[in-house]
Amino acid sequence: MTPQLAQELIKGALIQVAPDADLTALPLDADFRDILELDSLDFLNYVQTLSEASGYRIEEDDYPAFTTVAGGASFLAAHAGAG
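All values reported here derive from a predicted model rather than from experimental measurement. Along each chain, numbering runs from 1 in the same order as the chain's sequence is written. Given that this is a predicted model, residues contribute local features only at a pLDDT of at least 70 and side-chain atom pairs are listed and counted only at 80 or more, while totals for whole chains, interfaces and linings are drawn from all residues. Only heavy atoms go into the side-chain values, all of them from the structure, while hydrogens and water stay out.

Engineer: Would you mind going over the overall build of the protein chain with me for this structure?
Structural biologist: Broken down by element type, the protein chain carries four helices and zero strands. Along the protein chain, helices (α) and strands (β) appear in the sequence α-α-α-α when read from the amino end. Over its C-alpha trace the protein chain gives a radius of gyration of 11 Å, about what one expects of a compact globule, namely 12 Å for 83 residues. For the protein chain, the C-alpha atoms occupy an extent of roughly 30 × 25 × 20 Å along the three principal directions. Counting only residues that meet the buried cut, the protein chain has 39% of its 83 residues in that class. Residues count as neighbours in contact if any of their non-hydrogen atoms are within 4.5 Å of one another. Across the protein chain, every contact between residues at least 6 apart in sequence was considered, and the portion connecting residues at least 24 apart equals 54%. Residue exposure ignores everything except the shown protein chains as possible cover, and the areas themselves are Shrake-Rupley values with a 1.4 Å probe. As presented, the protein chain carries roughly 4800 Å² of accessible surface, and 48% of it is formed by carbon and sulfur atoms. In DSSP terms, a helix is any run of H or I states spanning at least four residues, a strand is any run of E spanning at least two, and both are numbered starting from the N terminus. Radius of gyration here is computed from C-alpha atoms only, and the compact-globule reference equals 2.2 Å multiplied by the residue count raised to the power 0.38. With a 1.4 Å probe rolled over the protein chains alone, any residue whose accessible area is under 20% of its type maximum counts as buried; one over 50% counts as exposed, and the rest are partly exposed.

So, in structure tokens, the structure goes:
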């Protein structure tokens, strides 16, 4: 998976849990949980949505990588399709 495709999947998952979010203004390296006002349930729904969309099972130990668009994209580019 390319980082660009991973970014699109991440943004799509974020829109699912925060439909009113303006992702065009979101810095790729910013922790979006506070910016988008996501609570823990919202974050869990985001990870689950992203896991389904990417076809890669995201484990709880991997959650810290998915708090930024850039971090999540890098993780998926390195791991998705590998397991």
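Engineer: Could you clarify how one ought to interpret the packing of aromatic side chains in this entry?
Structural biologist: Two aromatic rings are characterised by how far apart their centres lie and by the angle between their planes. Any two of the Phe, Tyr and Trp rings considered here, Trp counted by its six-membered ring, make a pair once their centres fall within 6.5 Å; the pair's planes then place it as stacked at under 30 degrees, edge-to-face at over 60, or tilted in between. This model, assessed by the stated rule, comprises five aromatic pairs. Here F43 and Y46 contribute two aromatic rings whose centre-to-centre distance is 5.5 Å and whose plane-to-plane angle is 50°, an arrangement assigned as tilted. Taken together, the positions of F43 and Y46, both in helix α3 (residues 40-54) and three residues apart, correspond to about one turn of that helix. In this pair, the class of F43 matches that of Y46, namely buried. Seen from their ring centres, F43 and Y63 are 5.9 Å apart, and the 75° between their planes marks the pair as edge-to-face.

Engineer: Would you explain the environment of Y46 in this entry?
Structural biologist: Among the residues examined, Y46 registers a relative accessible area of 0% and is labelled buried. With 25 residues separating them in the primary sequence, Y46 and G71 have C-alpha atoms 14 Å apart. In this view, Y46 contacts I10, A13, L14, V17, F32 and F66; residues no more than four positions away in its chain are not counted.

Engineer: Whenever I open this one, the environment of Y63 confuses me. Can you help?
Structural biologist: When you line up the elements, Y63 lands in the loop between α3 and α4 (69-79). Residues Y63 and F32 lie 31 residues apart in sequence; the distance between their C-alpha atoms is 13 Å. Setting aside residues up to four positions removed in sequence, Y63 forms contacts with F43, L44, V47 and I58.

Engineer: Looking at this model, I keep getting lost on the pattern of salt bridges. Mind explaining?
Structural biologist: Oppositely charged side chains are able to pair whenever their charged atoms sit close together. What counts as a salt bridge is simple: a side-chain nitrogen of Lys or Arg found within 4 Å of a carboxyl oxygen of Asp or Glu. Applying the stated rule across the entire model yields two salt bridges. Close ionic contact of D31 with R33 constitutes a salt bridge, the shortest N to O distance being 2.6 Å. Overall, D31 belongs to the partly exposed group, its relative accessible area being 30%. Since its relative accessible area comes to 33%, R33 is described here as partly exposed. Between R57 and E59 there is a salt bridge, with the nearest N and O atoms lying 2.9 Å from each other. Among the residues examined, R57 registers a relative accessible area of 61% and is labelled exposed. E59 gets classed as partly exposed once you look at its relative accessible area, which sits at 37%.

Engineer: Mind showing me how you'd approach unusual backbone geometry here?
Structural biologist: When glycine is set aside, most residues are seen to have a negative phi, and most peptide bonds are trans. Phi is positive for E37, close to 55°, though the residue is something other than glycine. Exposure remark for E37: the relative accessible area of 69% places this residue in the exposed category.

Just distances and angles here, no functional claims.
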